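Structural description and commentary
Single-letter residue listing:
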Amino acid sequence: MWGDERAAGSTPRSRPAEEEPALVAAIASGDQRALGALYDRHAPLLFGLAKRMLGNAAAAEDLLHDVFLEVWQHAAQYSPDRGTVRSWLVVRARSRALDRLGRGARESRAAEQISTLDEPASAPVTLDGARLRRLATTLPSELVAVLDLTYFQGLTAAEIADKLGIPVGTVKSRLARALESLRGAMAPARGAGS
């Protein structure tokens, strides 16, 4: 798509990651060659992520197109202080994929992820999505927010801390409390009456 507009002899692999913020700044200035270089460098990773999440190549290609269109339109919003260009692109791609999957699919996947966290092999847990949603509504709002940002929006602890204006350690402890509360509520009654 942008291959004809790149300078001869310039390869996207020749630009180290440290130069990527300059590429994004060039994109914000309307430089199509910079967009092409960024696309060439990151499209394979983003396509693979989108294909895994969405389950088919056509949907992944559409998503990839949308992500780079968004990069073209909003490159000025990128801030190197908030993370690498790669992380910025991955978060955008994951967020768009999750949007496309829909809330029901996200909740189902989150329930599956929660059910596999540190569960003993001898005590498999079968989760009821409706029950999990009900239990999540009983948690304090700050715990629900961290669960949502982690499992449904795919943000890292550092990104959540930045978004919520709290320390990374607080994010991690809230996530641990939320998961422990859900595990405890979902666990079958053990040793009742003993």
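Before any of the text, the structure's been laid out above.
Scope of this entry: the structure provided in the associated data block.

All right, on to the overall build of the protein chain then. Along its length, the protein chain carries eight helices and zero strands. Counting all 194 residues of the protein chain, 34% fall into the buried class. In the protein chain, the proportion of contacts linking residues at least 24 apart, taken out of those at least 6 apart, comes to 65%. As presented, the protein chain carries roughly 11,100 Å² of accessible surface, and 52% of it is formed by carbon and sulfur atoms.

Bringing the side chain of arginine 174 into the picture now. Residue position: arginine 174 is located in helix α8 (residues 168–186). In this structure, arginine 174 is buried with no salt-bridge partner, the nearest side chain bearing the opposite charge being glutamate 142 at 5.4 Å. Not counting residues up to four positions away in its chain, the partners in contact with arginine 174 are Glu142, Leu143, Val146 and Ile166.

Attention now moves to helix α7 (residues 157–164). Each turn of an α-helix holds 3.6 residues, which means side chains three or four residues apart point in the same direction. All of the buried residues along α7 are Glu159, Ile160 and Ala161. Positive phi appears at glycine 165, one or two residues downstream of α7, with a value of about 70°.

Describing an aromatic ring pair means giving the distance of the ring centres and the angle of the ring planes. Per the counting criterion, the structure on display carries two aromatic pairs. Between tyrosine 39 and phenylalanine 68, the aromatic rings sit 5.0 Å apart at their centres with planes inclined by 65°, giving edge-to-face as the arrangement. Here tyrosine 39 is found in helix α2 (residues 32–54), whereas its partner phenylalanine 68 is found in helix α3 (residues 57–74), with 29 residues between them in sequence. Between tyrosine 78 and tryptophan 88, the aromatic rings sit 5.1 Å apart at their centres with planes inclined by 55°, giving tilted as the arrangement. One end of the pair, tyrosine 78, is in the loop between α3 and α4 (85–116); the other, tryptophan 88, is in helix α4, and 10 residues separate them in sequence. Tryptophan 88 shares its class with tyrosine 78; the two are buried.

The rules behind these values
- Residues numbered from 1 in each chain as written.
- Predicted model: local features only at pLDDT ≥ 70, side-chain atom pairs only at ≥ 80, totals over all residues.
- Heavy atoms only, no water.
- Helix = DSSP H or I, 4+ residues; strand = E, 2+ residues; numbered from the N terminus.
- Buried < 20%, exposed > 50% of the residue type's maximum accessible area, 1.4 Å probe, protein only.
- Contact = heavy atoms within 4.5 Å.
- Areas by Shrake-Rupley, 256 points an atom, 1.4 Å probe, with all protein chains shown as cover.
- Lys, Arg positive; Asp, Glu negative; His and termini not counted.
- Salt bridge = Lys/Arg side-chain N within 4 Å of Asp/Glu carboxyl O.
- Phe/Tyr/Trp six-rings, centres within 6.5 Å; stacked < 30°, edge-to-face > 60°.

Such coordinate-based values are descriptive only and should not be taken to indicate function.
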